[in-house]
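Here's the letter readout for the chains.
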There are 2 protein chains.
Amino acid sequence: MAKKVKDILAMAKHPVVNGSLWLESEDKRFFGPGPVELLERIAETGSIRQAAKEMRMSYKKAWELINNLNAHTIKPAVIPQTGGEKGGGSVLTPEALELIQYHRELRKRFKEFLEKETGKLGQ
Amino acid sequence: MAKKVKDILAMAKHPVVNGSLWLESEDKRFFGPGPVELLERIAETGSIRQAAKEMRMSYKKAWELINNLNAHTIKPAVIPQTGGEKGGGSVLTPEALELIQYHRELRKRFKEFLEKETGKLGQ
DNA sequence: TTTCGTTATTTCTTTAAAGAAACAACGAAA
DNA sequence: TTTCGTTGTTTCTTTAAAGAAATAACGAAA
């Protein structure tokens, strides 16, 4: 390139390359940042409702994300239990925990990619 | 990982890692896939309106994208001319052409990243 | 049997994004 | 001076996403 990209751009703070990643199948995404954080919080709280509340997400949307995710996994990612001592709750399957771990590693590699690209803006 | 990620997921066609990239400043994105394609079509057609029409984008949205982009560059990316032989038109500055070229190269590297990550799903 | 809070689901309302339509200003060419 | 299609801008309408609220079913524990 003739000029540095950052010399074309003018802004108070330096520009960065940012982005988003997800898993998709047949052009439909089913596992992105939203579901990941939701699963992590369900693992902590044991409840879809509480996890959604922490994320300021409506229960309906949380349920939809989970339902969509379950439709894409051989075994469901979340096992719900209605009724019981505390009214019920939800637990994650080992497969869901593995998906979380996978996404953490994926995010790490993506972060490195983005930082490398942001560095190139000023070269 | 204990299991292959693809063995956790169940779908007709294989899952892929996909994503989106953009340039942002102070948490506001100003140069992503939409503006890039718009610029490319303005370069071809010499007209914001025609470029937008080809993308089935409203003129208003096209103008907003361009206006937002111009606000982030030292020199405007698009030079409009109202009136004239054909009613007017718009041309890209050399800086805009460089931004387009930069984004092409960025996309290429991102594509490689995504393909590598998709490959890892089945390992 | 009663109580509890959660899951699952529907319906309604609100909000935000997008689009449609209309119109003045513009300036080169005829 | 008239014509032309575009730019720039406003206002209104439509559409889509999101959220709010209400409610039945559930089952362990007291």
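Below is a short write-up of the structure. (Residues numbered from 1 in each chain as written. Chains lettered and ligands numbered in written order. Predicted model: local features only at pLDDT ≥ 70, side-chain atom pairs only at ≥ 80, totals over all residues.)

### Looking at the protein's contact with DNA strand C
In the region of DNA strand C, 25 residues are neighbours, and A:Ile48, A:Arg49, A:Pro80, A:Gly87 and B:Gly83 sit closest. At the level of secondary structure, the elements contributing two or more residues to the surface near DNA strand C comprise α3 (48-54), α4 (59-70), β3 (78-82) and β4 (88-92) of chain A together with α4 (59-70) of chain B. Here the residues of the surface near DNA strand C are counted per class, giving five nonpolar, 14 polar and six charged. (Near = placed C-beta within 6 Å. Helix = DSSP H or I, 4+ residues; strand = E, 2+ residues; numbered from the N terminus. Nonpolar A, V, L, I, M, F, W, Y, C, P; charged D, E, K, R; others polar.)

### Topic: the nonpolar core
If you look at the biggest cluster of nonpolar residues, it comprises 56 residues, and the most contacted ones within it are A:Ala62 and B:Ala62. Those residues within four positions of A:Ala62 in sequence are excluded, and the remaining contacts are A:Leu38, A:Ile48, A:Ala51, A:Ala52 and A:Met57. (Core = buried A, V, L, I, M, F, W, Y, C linked by C-beta atoms within 7 Å. Buried ≥ 20, exposed ≤ 12 C-beta atoms within 10 Å, placed from the backbone. Contact = placed C-beta atoms within 7 Å.)

### Quick look at the environment of A:Pro35
Residue and element names in this part refer to chain A. By the secondary structure assignment, Pro 35 is in helix α2 (residues 33-45). Judged by C-beta crowding, with 23 C-beta atoms within 10 Å, Pro 35 ranks as buried. Taking C-alpha positions, Pro 35 is 30 Å from Gly 119, a pair spaced 84 residues apart along the chain. Ignoring sequence-local partners within four residues, the contact set of Pro 35 consists of Leu 65 and Leu 69.

### So, the sheet that holds strand β2 (residues 28-31) of chain A
Overall, antiparallel pairing links the four strands, which are arranged β2(A)-β1(A)-β1(B)-β2(B) in an open sheet. The open sheet has two edge strands with one neighbour each: β2 of chain A together with β2 (28-31) of chain B. For this sheet, the mean inter-axis angle between neighbouring strands, taken without regard to orientation, is 65 degrees. Note that strand β1 (residues 16-25) of chain B and β2(B) share three bridges and pair antiparallel. What sits directly across from B:Glu24, in β2(B), is B:Arg29. (Pairing = 2+ DSSP bridges. Axes fitted to C-alpha atoms, helices over the stretch in contact; angles between N-to-C directions.)

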